[in-house]
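# Residue-level structure breakdown
Given next are the chains, with one letter for each unit.
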Amino acid sequence: MGTQVKDVIIKPDAPNSLLLDKHADYIAAYGSKKDDYEYTLSEYLRMSGIYWGLTVMDLMDQLPRMNRQEIIDFIKSCQHECGGISASIGHDPHLLYTLSAVQILSLYDDVDAIDVDKVVEYVKGLQQEDGSFAGDKWGEIDTRFSFCAVATLALLGKMDAINVDKAVEFVLSCMNFDGGFGCRPGSESHAGQIYCCTGFLSLTGQLHQVNADLLGWWLCERQLPSGGLNGRPEKLPDVCYSWWVLASLKIIGRIHWIDKAKLRLFILACQDEETGGFADRPGDMVDPFHTLFGIAGLSLLGDETIKGVNPVLCMPEDVLQRVSLQPELLS
Amino acid sequence: MAESEEEVDVLVQRVVKDITNAFKRNPNIDEIGVIPCPEARYNRSPIVLVENKLGVESWCVKFLLPYVHNKLLLYRQRKHWLDREALVDITCTLLLLNPDFTTAWNVRKELLQCGVLNPEKDLYLGKLALTKFPKSPETWIHRRWVLQKILRQSSAAGCRKQQQQQQQDEAEQADVGRSQQLSDHLARTLHQEMRVCSDAAGRYPSNYNAWSHRIWVLQHMAMGNIKVFHDELSSMRLWVSMHVSDHSGFHYRQFLLKEVITELSHSSGNSGSPEHRSSTVLSSSPNHHSHSQANGELSGAEAADEVENQLGLSAVFQLFHQEMELCTDLIQSFPGHETLWSHRRHVFYLWHHWRRKHQHHHCNSTNGGSNSVHLNDSEPGLQKPAVQGSEDEEVVNRQRPAGEDMEVDRASLPDSRDSKRLKRGACPPTLPLEHSFVSRILDSCCNPEQRRFALAYRKWLDTVIGQQP
Ligand SMILES: [Zn+2]
């Protein structure tokens, strides 16, 4: 077993300036050229895909280029009798896509396009006795779903519909010795889950329950010599994990603990100069998911050509101001 | 190559049938895959069965997937009728190609609920999907649902058994047999599940979903069955030694350690009922000894508790000692692995907390009498835990009989002495030992990664462990 370092090397000719126009063109064209096979493969997460695309367009101030009416009609047709929203038409409702739909409608300032009361009932109905949330009626439990539940309700201004104390209790039971969080009690710390849990604690005003120094330490150790961040020890750096780690650090007030300039260079190197868009790592294929998290990451790092992004909900700050939502951040 | 819609229709229906038939022909298929093959070969099915491997030629996937996908969605929207058999076949094909299609798994959940499918069949389908997509979150989620269904069924059967117990002997006899069968079945399912997890862990490094599923399985199917935990712990020893970068595998080991230590501590009287706890603690306190001896002899029960207590505690020390040795060995043999250093932190932290909890507990409940003093009487190798971190020294000095002061110094003695000591008995980690381990690495190793991790560990010891009250 050798000891090759698990990291990437950024080539000297890698892009090092932000290609905003290219990215907007890439996202605008993405929906239109849908190859049957690719489209089918990812339809199970279509609603989240739309949220990624629209949010990154809004952050680049290009939202009007997207087809608002078509998207709102699509969301309406994805709301089910139970109130939950599915990833696409004919798919089953799930908390993940319910949150994505509410996020999209918040961007468009049109949450009343769907039956909001039913959404609230749906979310409420998924809370379990121990405070946790199931992702859908089949009962899978995950701290991600706790985040989805409170984020959905926070955007709708209906946080009081659930038992917040119990929900907090469950999320805290997933905290580990390293200050991080996993998907369930006893599960390994994972940057994506940490993002969900710190975001959850922010929305519920419970960030004082986090050991910010200990967690900040773990999060900072995700930065690799290339500047990129990974999601767990000995994994490769990735633009999406860079966002989750960075946003978590921002939430717990420790963003200055990492080398921001180096991270910016890593994110910029993940752009595709020809097609536009960001990949997980330099040289890989781009996709809307990593494009959002690349742009959002640069925004958190202070890039002023992008709108300010909220670290908890990954949405433009101006949208949250409109709905008067100001999630707690530690300083 | 098929072009028109009808041609695609015919082609795809044939392929779905071929897949179904392959499973009928060989019920032992254990792996699926796509065979790179850009064009159709005339008059030959794109479904290839070689020994126990089922392959689909790549050219047909792009017809096959959209077709079965759309068919299922039309059914879901009640625009197209499919009978149960067709649903079973279509979801099978669909999930082998795209196992994160949540709704297809949900269709199968409904088929399971109405008895068209049986749970074992779905666990099998998931297992196959995982051979090609070892991370697939939805496949793992579906497995947990199926396992819960199996668990519910067997606990319902358990209840029926109890209700019937008032009836005649013969029925009871039959029931005993049945419940034995049930628990055998659960044991087999558990075992199988562990194998599915191992297999997926081998196919994708640091497979979060596979390892967190494995934890879930133990939490739901093996709680209280300490033998399973012990077996897992010992079989994981070899696995982690061969996968020194696999943080998730190490996390699983940490989970096992924690559970086993909790169980051992329980048997040594620290997590049982409050009454039980205080009685065992009292029986192990020297004050209490003199007290009982003044009044007569130790009761039989007290003596038995005593022995159990000793065994539990020395087993805990043994475990910590062995784990730190394993960790030292791996760090030295495979320099520069963050996972190994992270494991060291975790084990040390576990130890640190276990010790504090126990010491604190004993101090409180026995008014200054300490379990460590008692241990000193019986096993010279076991006195170290009370003699480490400075915050404990005061307590220790108060309790330790004179003449044992040299034990304090031994903690900071050079290695040769330490290893001699180790041979005499299980010696748990101490802060000074950890610091000398770090120094040794820094003195001898020039691998920059290894040095970086060693320095970070030192800093962690100083700040996270050192600054705790
Ligand atoms: Zn990624």
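Reading the values: rules and limits
Residues numbered from 1 in each chain as written. Chains lettered and ligands numbered in written order. Predicted model: local features only at pLDDT ≥ 70, side-chain atom pairs only at ≥ 80, totals over all residues. Heavy atoms only, no water. Helix = DSSP H or I, 4+ residues; strand = E, 2+ residues; numbered from the N terminus. Rg over C-alpha atoms; globule rule 2.2 N^0.38 Å. Buried < 20%, exposed > 50% of the residue type's maximum accessible area, 1.4 Å probe, protein only. Contact = heavy atoms within 4.5 Å. Areas by Shrake-Rupley, 256 points an atom, 1.4 Å probe, with all protein chains shown as cover. Patch = residues over 30% accessible without salt bridge, like charges linked within 9 Å, V, L, I, M, F, W, Y side chains within 5 Å. Salt bridge = Lys/Arg side-chain N within 4 Å of Asp/Glu carboxyl O. Lys, Arg positive; Asp, Glu negative; His and termini not counted. Charge placed at Lys NZ, Arg CZ, Asp CG, Glu CD. pLDDT = per-residue confidence, 0-100. Expected span 1.5 Å × (residues − 1). Polar contact = N/O pair within 3.5 Å; in protein donor to acceptor, adjacent residues only side chain to side chain. Core = buried A, V, L, I, M, F, W, Y, C linked by side-chain atoms within 4.5 Å. Buried area = accessible area lost by both parts, 1.4 Å probe. Donors = N, O, S within 2.8 Å, 3.2 Å for Na, K, Ca; no water. Tetrahedral: all angles 85-135°; square planar, octahedral: opposite > 155°, others 65-115°. Pairing = 2+ DSSP bridges. Axes fitted to C-alpha atoms, helices over the stretch in contact; angles between N-to-C directions. Phe/Tyr/Trp six-rings, centres within 6.5 Å; stacked < 30°, edge-to-face > 60°. Lys NZ or Arg CZ within 6 Å of the ring centre and 35° of its normal.

### Here we look at the overall build of chain A
Summing up its helical and strand segments, chain A has 14 helices and four strands in all. For 331 residues, the compact-globule formula gives about 20 Å, and the C-alpha radius of gyration of chain A, at 19 Å, lands near that figure. If you line up chain A on its principal axes, its C-alpha atoms span 55 × 45 × 40 Å. Looking at chain A as a whole, 64% of its 331 residues qualify as buried. In chain A, the proportion of contacts linking residues at least 24 apart, taken out of those at least 6 apart, comes to 68%. Carbon and sulfur atoms provide 49% of the accessible area of chain A, an area that totals close to 12500 Å².

### Here's the deal with the overall build of chain B
Scanning chain B from terminus to terminus reveals 20 helices and three strands. For chain B, the residues scored as buried account for 52% of the 469 residues in total. Excluding contacts between residues fewer than 6 apart, the proportion of contacts in chain B whose partners are at least 24 apart in sequence is 67%. A total accessible area of about 22300 Å² is found for chain B, and carbon and sulfur atoms account for 52% of it.

### Digging into a negative patch on the surface
Together, E5(B), E6(B), E7(B) and D9(B) make up a negatively charged patch on the protein surface. Checked against the element boundaries, E5(B) lands in helix α1 (residues 5-25).

### Some points on the confidence of the model for chain B
All names here are of chain B. Residues at a pLDDT of 70 or more form 73% of chain B, whose mean pLDDT is 79. The model gives residues 362-424 a pLDDT under 50, and that stretch makes 90 contacts with residues more than four places away or in other chains. What the predictor reports for the complex is a pTM of 0.87 with an ipTM of 0.97.

### Section: helix α19 (residues 431-444) of chain B
Residues and elements named next belong to chain B. With 14 residues, α19 extends 20 Å from end C-alpha to end C-alpha; this agrees with the ideal 20 Å at 1.5 Å per step. Those residues of α19 not exposed but buried are L431, L433, E434, F437, V438, I441 and L442. Measuring from the side-chain oxygen of the N-cap residue of α19 to the backbone nitrogen of L433 gives 3.1 Å; that N-cap residue is T430.

### Quick word on the nonpolar core
Formed by 228 residues in total, the largest nonpolar core has its most connected members in W243(A), L218(B) and W460(B). For this core, the leading source of residues is helix α2 (residues 58-76) of chain B, giving 11 residues. Setting aside residues no more than four positions away along its own chain, L218(B) makes contact with L190(B), M194(B), M223(B), V228(B), F229(B), E232(B), Y252(B), F255(B) and L256(B). Of all hydrophobic cores here, the second largest spans six residues; its members include L130(B), C197(B), A200(B) and A210(B).

### Here we look at the interface of chain B and chain A
On the chain A side, the residues contacting the 53 residues of chain B number 38 residues. Buried area between chain B and chain A, both sides added, is near 4100 Å², and the carbon and sulfur share of it is 57%. The largest contributions to the chain B side of the interface with chain A come from Y208(B), H247(B) and E338(B), which together make up 16% of the buried area. On the surface where chain B and chain A come into contact, there are four salt bridges. Among the ionic pairs, E140(A) bridges to R144(B), the shortest N-O distance being 2.7 Å. Linking chain B with chain A are 25 residue pairs in polar contact (both at pLDDT 80 or more), by the criterion used here.

### Observations regarding the environment of I258(A)
All names here are of chain A. The topology assignment puts I258 in the loop between α11 (239-251) and α12 (260-269). Taking the relative accessible area as the measure of exposure, I258 reaches 8% and is therefore buried. Distance in space between the C-alpha atoms of I258 and W217 is 9.8 Å, their sequence separation being 41 residues. Not counting the four nearest positions on each side in its chain, I258 is found in contact with C220, Q223, L246, L249 and L263.

### Observations regarding unusual backbone geometry
All names here are of chain A. At D61, a position not held by glycine, the phi torsion is positive, near 60°. By relative accessible area, D61 is classed as exposed at 56%. Non-glycine residue D109 carries a positive phi angle of around 55°. Within the fold, D109 resides in the loop between α5 (95-107) and α6 (116-125).

### Points about the coordination of the zinc ion
All names here are of chain A. Bound to the zinc ion on the protein side are D238 (OD), D238 (OD), C240 (SG) and H290 (NE2), at distances that span 2.1 to 2.4 Å. Around the zinc ion sit four donor atoms; with metal-centred angles ranging over 56 to 124°, the donor geometry is irregular. What makes C240 buried here is its relative accessible area of 4%. Assessed through its relative accessible area of 9%, H290 is described here as buried.

### What to know about the sheet that holds strand β3 (residues 53-57) of chain B
Residue and element names in this part refer to chain B. If you walk across this open sheet you meet the three strands as β1-β3-β2, and the pairing is mixed. A single partner strand is all that each edge strand has here, and the edge strands are β1 (31-35) and β2 (47-50). Going across the sheet, the axis of each strand differs from the next one's by a mean of 25°, ignoring polarity. In this sheet, β3 lies alongside β2 in antiparallel orientation, the contact comprising four bridges. Bridge pairing in β3 places V48 opposite G55. Across the face of the sheet, α2 comes into contact with β1 and β3 while running at roughly 80° to β3.

### Quick notes on the packing of aromatic side chains
Evaluated as defined, the whole model comprises 25 aromatic pairs over all chains. Ring centres of F289(A) and F293(A) lie 5.0 Å apart, and the angle between their planes is 90°; this geometry places the pair in the edge-to-face category. Taken together, the residues F289(A) and F293(A), both in helix α13 (residues 288-300) and four residues apart, mark about one turn of the helix. Taken as a pair, F289(A) and F293(A) share a single burial class, namely buried. Between F320(B) and W351(B), the ring centres sit 5.1 Å apart and the planes meet at 70°, which makes this aromatic pair edge-to-face. Of this pair, F320(B) sits in helix α13 (residues 300-333) while W351(B) is found in helix α14 (residues 338-366), placing the two residues 31 residues apart along the sequence. With respect to class, F320(B) is no different from W351(B); both count as buried. Linked through ring pairs, W52(A), F147(A), Y195(A), Y241(A), W243(A), W244(A), F289(A) and F293(A) together constitute an aromatic cluster. Between K132(B) and the ring centre of F133(B), over which it is positioned, the NZ or CZ distance is 5.2 Å.

### Some points on the pattern of salt bridges
Within this structure, the stated rule accounts for 31 salt bridges over all chains. With a shortest N-O distance of 2.7 Å, R345(B) and E221(A) are connected by a salt bridge. Of this pair, R345(B) sits in helix α14 while E221(A) sits in the loop between α10 (212-220) and α11, each in a different chain. You'll find R345(B) and E221(A) in the same group, each marked buried. As a salt-bridge pair, K227(B) and D231(B) come within 2.6 Å of each other at their nearest N and O atoms. Within this pair, K227(B) and its partner D231(B) are both found in helix α9 (residues 226-242), separated by four residues, close to a single helical turn. On the basis of relative accessible area, K227(B) is assigned to the exposed category, the value being 55%. Residues participating in the shared-partner salt-bridge network are D30(B), E31(B), K53(B), D199(B) and R203(B).

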